[in-house]
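Now for the letters of each chain:
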Amino acid sequence: DMENLIIAGIAGLVGYFIRGFIDSFYRRRHDKYLSKIEADQKVFKLLKDVLIWDESIGFMREQDFYAGFQGSSLKPFFKFKEHCESNPSFVFIDKKLEKLRKKLHEEVSLFLNITVKHVFSDGHWSKVYPEFERDDPKVKSISNELNDVANKICKTYDDLLKNKN
């Protein structure tokens, strides 16, 4: 009878240690998972602070680049581009979100490159270079390209918002 008691005691201790090991293993995995989520939430918050939905993205969504626009409206996009290129912590751990962030960076970079090459600013108002006549097909072509890229930026931004969870 004493032998059965010893066996039961040993089995209880083994079970206790195995349960403790399993709990610890899953707790560490859970904590690591939570820290990844928290890191992605910080990146997401920074993204939303730089590219504000109803301001910068709203500007892209509503602006027809055939018309003039306030040059200062592009500042958040330059800031976003700078974060993407110089802030090593401005990266999502989640692969799907990171792929969308990279796509957004590429689209914003393309948009800004077009504006640098073809948009003139007088310090307040910006428009496609005035060396072209308003009716020049090149003005319409550049404006259409800016509008197309702006639509892509809005779609990718919306996709990021939808996939944040």
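Described in the following lines is the structure provided in the data block. Since the structure is predicted, the reported quantities are computational estimates derived from the model, not experimental observations.

**Section: the packing of aromatic side chains**
Stage number 1. Enumeration according to the criterion identifies five aromatic pairs in this entry.
Stage number 2. Note on F59 and F69: the rings are 5.9 Å apart at their centroids and 50° apart in plane angle, and the pair reads as tilted. Linking F59 in helix α2 (residues 53-62) with F69 in strand β1 (residues 69-70), this pair joins segments that are 10 residues apart in sequence.
Stage number 3. Note on F59: relative accessible area 14%, which makes it buried.
Stage number 4. The exposure class assigned to F69 is buried, which follows from its relative accessible area of 2%.
Stage number 5. Ring geometry for F80 and F90: centres 5.8 Å apart, planes at 80°, overall edge-to-face. Of the two residues, F80 sits in helix α3 (residues 75-86) while F90 sits in the loop between α3 and α4 (95-118), which places them 10 residues apart along the sequence.
Stage number 6. When its relative accessible area of 0% is taken as the criterion, F80 is described as buried.
Stage number 7. Among the aromatic residues, those joined into a ring-pair cluster are F59, F65, F69 and F111.
Stage number 8. Cation over ring: K140 sits above Y66, and NZ or CZ is 4.2 Å from the ring centre.

**Some words on the nonpolar core**
Stage number 1. By size, the foremost hydrophobic cluster in this structure holds 35 residues, and its most contacted members are M60, F77, F80, L104, F111 and I153.
Stage number 2. When residues of this core are traced back to their parent elements, those giving at least two are α1 (2-50), α2, α3, α4 and α5 (137-162).
Stage number 3. If you tally residues by element for this core, the top one is α5, at nine residues.
Stage number 4. Ignoring sequence-local partners within four residues, the contact set of I153 consists of I57, M60, F77, L104, E107, V108 and F111.

**What to know about the pairing of strand β3 (residues 125-128)**
Stage number 1. Of the strand pairs in this sheet, β1 and β3 are connected by two bridges, and their pairing is antiparallel. Within β3, the position partnered with Q70 by the bridge is W125.
Stage number 2. In this structure, strand β2 (residues 119-121) lies alongside β3, joined through three bridges in antiparallel fashion. Bridging across to β3, F120 finds its partner in K127.
Stage number 3. What sits between the antiparallel neighbours β2 and β3 is a turn of three residues, in which G123 has the positive phi angle 100°.

**Things to note about the sheet that holds β3**
Stage number 1. Strand order across the open sheet formed by three strands is β1-β3-β2, with antiparallel pairing between neighbours. Two strands bound the open sheet, and with one partner strand each, they are β1 and β2.
Stage number 2. Each of β2 and β3 touches α4; the most contacted strand, β2, lies at about 65° to it.

About the cut-offs
Residues numbered from 1 in each chain as written. Predicted model: local features only at pLDDT ≥ 70, side-chain atom pairs only at ≥ 80, totals over all residues. Heavy atoms only, no water. Phe/Tyr/Trp six-rings, centres within 6.5 Å; stacked < 30°, edge-to-face > 60°. Helix = DSSP H or I, 4+ residues; strand = E, 2+ residues; numbered from the N terminus. Buried < 20%, exposed > 50% of the residue type's maximum accessible area, 1.4 Å probe, protein only. Lys NZ or Arg CZ within 6 Å of the ring centre and 35° of its normal. Core = buried A, V, L, I, M, F, W, Y, C linked by side-chain atoms within 4.5 Å. Contact = heavy atoms within 4.5 Å. Pairing = 2+ DSSP bridges. Axes fitted to C-alpha atoms, helices over the stretch in contact; angles between N-to-C directions.

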